Amino acid sequence: MIDAVGNPQSVLLIGGTSEIGLAVVAKFAATTRLRVVLAARPSDRIDEAVARLRRLRCDVTIVPFDARTPQTHAATLDKAFADGDIDVTVVAFGVLGDQEKAWTDLGAALELVDVNYTAAVSVGVLLGRKLTEQGHGSLVAMSSVAGERARRSNFVYGSTKAGMDVFYSGLTEALRPAGVHVAVVRPGFVHTRMTTGLKAAPLSVTPEQVAEVVVDAVRRRRELVWAPAPLRFVMSALRHVPRPIFRRLPV
Amino acid sequence: MPQNLSSRTLTGWGRTSPTTATVLTDPTPESIADAVRGAGRRGILARGLGRAYGDAAQNAGGLVVDMTGLDRVHSIDADGGVVVVDAGVSLDTLMRRALPFGLWVPVLPGTRQVTVGGAIAADIHGKNHHVAGSFGDHVLAMDLVTASGETRTLTPDGPESDLFWATVGGMGLTGIVVRATLRLEPTESAYFVVDTERAADLDDLMARLAADDDAYTYSVAWFDSVATGASMGRAVLTRGWAARRDDLPRKLRSDPLRFDAPKLFTAPPVFPSGLLNRATARAFNEVWFRKAPAERRGEVQNITTFFHPLDIVGEWNRVYGARGFLQYQFVVPFGEEDAFRRCVAAIADSGHVSCLNVLKRFGPGNAAPLSFPAPGWTLAVDLPAGPGLTTLCTTLDELVLGAGGRIYLAKDSRVDANTLARMYPRLDEWRKVRAAADPHGVFVSDLARRVSL
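Basis of the calculations
Residues numbered from 1 in each chain as written. Chains lettered and ligands numbered in written order. Predicted model: local features only at pLDDT ≥ 70, side-chain atom pairs only at ≥ 80, totals over all residues. Helix = DSSP H or I, 4+ residues; strand = E, 2+ residues; numbered from the N terminus. Buried ≥ 20, exposed ≤ 12 C-beta atoms within 10 Å, placed from the backbone. Rg over C-alpha atoms; globule rule 2.2 N^0.38 Å. Pairing = 2+ DSSP bridges. Contact = placed C-beta atoms within 7 Å. Nonpolar A, V, L, I, M, F, W, Y, C, P; charged D, E, K, R; others polar. pLDDT = per-residue confidence, 0-100. Axes fitted to C-alpha atoms, helices over the stretch in contact; angles between N-to-C directions. Core = buried A, V, L, I, M, F, W, Y, C linked by C-beta atoms within 7 Å. Parallel < 35°, antiparallel > 145°, perpendicular 65-115°, else oblique. Expected span 1.5 Å × (residues − 1).

Student: Even after reading the chapter, I still don't get the overall build of chain A, so can you show me in this structure?
Tutor: Assigned secondary structure in chain A consists of nine helices and seven strands. Along the longest, intermediate and shortest principal axes, the C-alpha atoms of chain A span 55 × 35 × 35 Å. When burial is assessed residue by residue, chain A has 45% of its 251 residues classed as buried.

Student: Looking at this structure, I do not really get the overall build of chain B. What am I missing?
Tutor: What chain B contains, in helices and strands, is 14 helices and 21 strands. Scaling as 2.2 N^0.38, a compact globule of 453 residues should have a C-alpha radius of gyration of about 22 Å, and chain B matches this with 21 Å. Projected onto its principal axes, the C-alpha coordinates of chain B cover approximately 60 × 55 × 45 Å. Looking at chain B as a whole, 51% of its 453 residues qualify as buried.

Student: I tried to follow the pairing of strand β20 (residues 376-384) of chain B on my own but got confused; where do I start?
Tutor: Sheet faces and side chains relate simply in a regular strand, where the side chains alternate between the two faces. All names here are of chain B. In terms of residue burial, β20 counts as a mostly covered element, since nine of its nine residues are buried. Where strand β18 (residues 325-333) lies against β20, nine bridges are found, and the strand directions are antiparallel. Bridge pairing in β20 places Y328 opposite V381. With six bridges connecting them, strand β19 (residues 357-362) and β20 associate as antiparallel partners.

Student: Could you clarify how one ought to interpret the environment of L126 of chain A in this entry?
Tutor: Residues and elements named next belong to chain A. Looking at the secondary structure, you find L126 in helix α5 (residues 106-134). Residue L126 is classed as partly exposed on the basis of its 19 C-beta neighbours within 10 Å. Placed 48 residues apart in sequence, L126 and D78 show a C-alpha to C-alpha distance of 9.5 Å. Ignoring anything within four residues of it in the chain, the contact list for L126 reads H73, A74 and L77.

Student: I keep staring at the interface of chain B and chain A and nothing clicks. Help me out?
Tutor: Contacts between the two partners involve 25 residues from chain B and, on the opposite side, 18 residues from chain A. Those elements that place two or more of their residues in the side of chain B that touches chain A are β1 (5-10), β2 (19-24), α11 (389-402) and α14 (446-451) of chain B. Class assignment of the residues belonging to the side of chain B that touches chain A gives a composition of six nonpolar, 12 polar and seven charged.

Student: Looking at this model, I keep getting lost on unusual backbone geometry. Mind explaining?
Tutor: Note: most peptide bonds trans; most residues except glycine with negative phi. The residue after A227 of chain A, namely P228 of chain A, is reached through a cis peptide bond having omega 0°. Examined against the element boundaries, P228 of chain A turns out to sit in the loop between β7 (224-227) and α8 (231-238). At R15 of chain B, a residue that is not glycine, the phi angle is positive and equals roughly 60°. The residue R15 of chain B is located in the loop between β1 and β2 in this model. Exposure remark for R15 of chain B: the 20 C-beta atoms within 10 Å place this residue in the buried category. You will see that S17 of chain B, though not glycine, has its phi angle at about 45°, which is positive. Note on placement: S17 of chain B falls in the loop between β1 and β2.

Student: Sorry if this is basic, but what is going on with the confidence of the model for chain B here?
Tutor: Averaged over all residues, the pLDDT of chain B equals 93, while 100% of them reach at least 70. Scoring of the predicted complex yields 0.94 for pTM and 0.91 for ipTM.

Student: Would you explain the sheet that holds strand β4 (residues 88-91) of chain A in this entry?
Tutor: Residue and element names in this part refer to chain A. Sheet architecture is open: seven strands sit in the order β3-β2-β1-β4-β5-β6-β7, paired in parallel fashion. Where the open sheet ends on each side, the last strands, each with one partner, are β3 (59-64) and β7. The average angle at which neighbouring strand axes cross in this sheet is 20°, direction not considered. As paired elements, strand β1 (residues 10-14) and strand β2 (residues 35-40) share five bridges and run parallel to each other. In the sheet register, S10 faces β2, and the bridge partner there is R35. The sheet contacts of helix α3 (residues 73-80) involve β1, β2 and β3, and relative to β3 the element is tilted by about 165°. Lying over the sheet, helix α7 (residues 207-219) contacts β4, β5 (138-142), β6 (181-187) and β7, oriented at roughly 155° with respect to β6.

Student: Mind showing me how you'd approach the nonpolar core here?
Tutor: Taken as a class, soluble globular proteins show a tendency for nonpolar side chains to be buried jointly. Core analysis: the largest hydrophobic core is formed by 138 residues, its most contacted members being V65, I120, I176, A180, A221, Y328 and C343 of chain B. Ranked by size, the runner-up nonpolar core spans 69 residues in total, among them F93, L127, V184 and V210 of chain A.

Student: Would you mind showing me how to read the packing of helix α10 (residues 337-350) of chain B against α11 of chain B here?
Tutor: Axis angle and axis distance: for two packed helices, these are the angle between their axes and the distance between the axes, and together they describe the pair. All names here are of chain B. Their axes nearest at 9 Å, the elements α10 and α11 cross at an angle of 175°. Accordingly, the angle class assigned to the pair α10 and α11 is roughly antiparallel. Of the residues in α11, those in contact with A339, R342, C343, A346 and S350 of α10 are L392, T395, L396, L399, V400 and G402. Classifying every residue of the contact of α10 with α11 by side-chain character gives seven nonpolar, three polar and one charged.

Student: Sorry if this is basic, but what is going on with helix α6 (residues 155-175) of chain A here?
Tutor: Owing to its 3.6 residues per turn, the α-helix aligns residues three or four sequence positions apart on the same side. Over its 21 residues, α6 of chain A runs 29 Å from end to end, which matches the ideal 30 Å to within 8%, given 1.5 Å per residue. Three or more residues of α6 of chain A are buried, namely V156, Y157, G158, T160, K161, A162, M164, D165, Y168, L171 and L175 of chain A.

Student: Looking at this structure, how should I read the sheet that holds strand β5 (residues 73-77) of chain B?
Tutor: Sheet strands pair by backbone hydrogen bonding; their relative direction is either parallel or antiparallel. All names here are of chain B. Pairing is antiparallel across the open sheet formed by five strands, whose spatial order is β5-β6-β10-β8-β9. Either end of the sheet is taken by a strand with one partner, and the two such strands are β5 and β9 (151-154). Across this sheet, the average inter-strand angle for adjacent strands is 10°, counted without regard to direction. Here β5 runs beside strand β6 (residues 82-86); their pairing, made up of four bridges, is antiparallel. Bridge pairing in β6 links S75 to V84.

Student: I tried to follow the environment of A437 of chain B on my own but got confused; where do I start?
Tutor: Residue and element names in this part refer to chain B. Summarising the element assignment, A437 is placed in helix α13 (residues 427-437). Residue classification places A437 among the buried positions, given that 23 C-beta atoms sit within 10 Å. Between the C-alpha atoms of A437 and A403, which are 34 residues apart in sequence, the distance is 33 Å. Beyond its immediate chain neighbours, meaning those up to four positions away, A437 contacts T146, A147, L163, T174 and G175.

Student: Looking at this structure, how should I read the packing of α5 of chain A against α6 of chain A?
Tutor: Residues and elements named next belong to chain A. One can describe the packing of α5 onto α6 by two numbers: an axis separation of 9 Å at closest approach and a directional angle of 10°. Taken as axis vectors, α5 and α6 run roughly parallel relative to one another. Taking contact as the criterion, the partners of A109, L112, V113, N116, Y117, A120, V121, G124, G128, L131 and T132 in α5 are, on α6, V156, Y157, T160, K161, G163, M164, F167, Y168, L171, A174 and L175. Here the contact of α5 with α6 is built from residues that sort into 15 nonpolar, six polar and one charged.

Student: Honestly, the pairing of β18 of chain B in this entry has me stumped. Any pointers?
Tutor: Residues and elements named next belong to chain B. In terms of residue burial, β18 counts as a mostly covered element, since seven of its nine residues are buried. Examined bridge by bridge, β18 and strand β21 (residues 406-407) share two bridges and lie antiparallel to one another. Pairing of F330 across the sheet is with I407, part of β21.

Below, the structure written as structure tokens:
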């Protein structure tokens with residue numbers, strides 16, 4: 001159960017090697033003893049993540065998860081919930097891909113759609129069921145500001161995030177009567193493995209800074225947050241900038 | 001869903017940690033037994049008036065029985081002082097019904113808005129704990145619907161006394177109390193003769209309480225939780241006893257048993273979080289201290305003024321805003337005054353603010369393994385939920401544990417299983433009785449899930 005000061009007892013991270021997701025888990029683990037379930041494909045990186053969380057006194061288990069095979073998701077989540085209620089679930093898997101390839105190569109485009117959108121919806125539907133059944137919990141969906149307005153540089157990625165953002169924003173309303181809190185998180189440019197080599201956009205943040213925003217959103221049951229917070233106003237303004245100007249902006 | 005079932009999001013009085021359950025309203029002992037037999041994987045739990053601060057009366061994803069509809073007063077034996085009531089009867093109702101017979105509810109907490117069932121489950125205490133004990137000490141018998149759906153009549157020293165005492169203070173996890181037989185106290189009036197005095201600091205306060213507390217039936221101190229340094233723990237003591245008819249001024253003498261407890265208004269749900277901050281709390285604490293007389297003896301006060309000042313305002317918990325608040329209440333044994341002082345200092349120095357700060361001396365505890373009161377000093381503070389509160393509460397937990405003390409489950413909303421087990425050394429004994437009565441954990445609450453009860 002999440003206690004009165006917003007500390008959960010159990011966290012499920014779907015996309016178990018996500019740097020932002022792991023930073024969120026580490027932040028919760030700083031104030032309380034956590035049971036952590038990592039859903040991910042077997043890899044060296046997931047083993048490293050387990051070792052790191054154990055050093056933070058977390059009880060960690062792994063359940064195998066492959067975003068590309070939605071038909072396996074139900075079994076994955078059954079396993080993830082087998083040891084008891086999950087207080088906070090972070091949906092943090094996703095791929096960025098090569099953006100030029102993504103709009104010219106069909107396979108690359110569908111890969112982004114399958115992982116970032118189809119799998120996110122598949123997991124969202126199943127989580128909705130699980131969380132309704134337990135009658136409580138927070139569900140954090142990692143969206144992106146890339147979904148707020150199409151940019152030439154990353155619009156395929158942006159379109160998948162726009163889709164999952166709308167889905168989880170709707171899920172926020174659908175699950176509210178069930179006592180389940182959903183938070184949609186829209187980070188800007190985050191310095192991670194995913195963005196290595198890319199030129200950082202203004203207002204860039206670290207995974208730890210995003211984690212701070214996420215933990216605060218869970219504690220205060222906020223439903224839509226940006227990281228960093230001022231991006232909310234920047235994006236509000238950017239949405240209304242005429243296209244001829246927008247395409248010249250260094251964003 | 002059938003007519004008397006609905007899905008509702010529930011919180012405790014602190015308005016933190018909301019969860020959703022299916023709520024059964026207007027229950028009867030028969031429908032409760034049926035519901036227990038048909039309870040699903042997420043179990044079943046009784047809920048009274050929701051005055052427990054944390055998650056004690058919530059059952060996420062499961063069934064919650066709203067007991068307030070089961071509210072008949074079955075009989076009042078004026079001569080013997082014995083009443084038989086349904087578990088959903090509130091202490092407010094019980095007082096109103098019993099006073100005309102010259103009977104007084106022997107244990108009253110800071111509000112009358114609790115049910116008899118809730119009073120048993122939390123084994124509540126009042127300002128007179130040092131002479132009267134806690135609520136469970138005044139229960140002669142109770143009917144408990146157990147996990148099998150059978151109703152057992154339990155008494156404090158009968159064949160199933162272990163289940164009786166596991167139910168007292170058992171937070172509703174042994175079954176659902178549907179009916180109780182209580183012993184009330186005879187009284188000549190519904191008024192109190194009260195002595196008020198101010199204490200300059202914590203040492204002065206504790207010295208005054210230790211000196212002559214036993215001369216009073218009722219005793220409690222409000223203290224300033226914000227002042228630091230030399231005036232840390234400055235306080236207002238109010239102590240008194242039930243007024244005899246002769247103690248009353250003439251105009252009250254004609255109707256000494258009148259239920260004199262006004263409710264002025266209900267707080268609207270418009271308060272922002274953060275209204276209670278360092279500046280407002282400092283001002284409130286200052287005013288509360290200054291407005292009390294330095295010393296006044298023998299004043300006659302009514303029920304609300306003396307017992308339940310907070311009941312004047314309905315839904316006062318809304319003042320804390322959407323983020324809610326928690327109450328931290330603990331007891332440390334006599335002899336651990338140093339630890340007690342350090343707790344008060346930790347609160348005053350923390351930057352977290354509280355306006356409702358209560359301090360009192362407990363008398364002996366009872367046979368219930370999970371009953372909170374134990375001989376020693378108890379303190380309660382209401383803290384708005386906010387960043388950094390975990391640190392303060394964890395610091396207090398350690399101080400309390402180090403002194404051999406404990407916190408009160410009816411107030412708790414954040415302690416962990418490990419800490420709780422160290423605070424209640426008789427927890428295993430309680431678990432054994434519960435496991436025998438409810439082997440499959442049919443009765444369950446969010447509190448039980450959180451602290452692995």
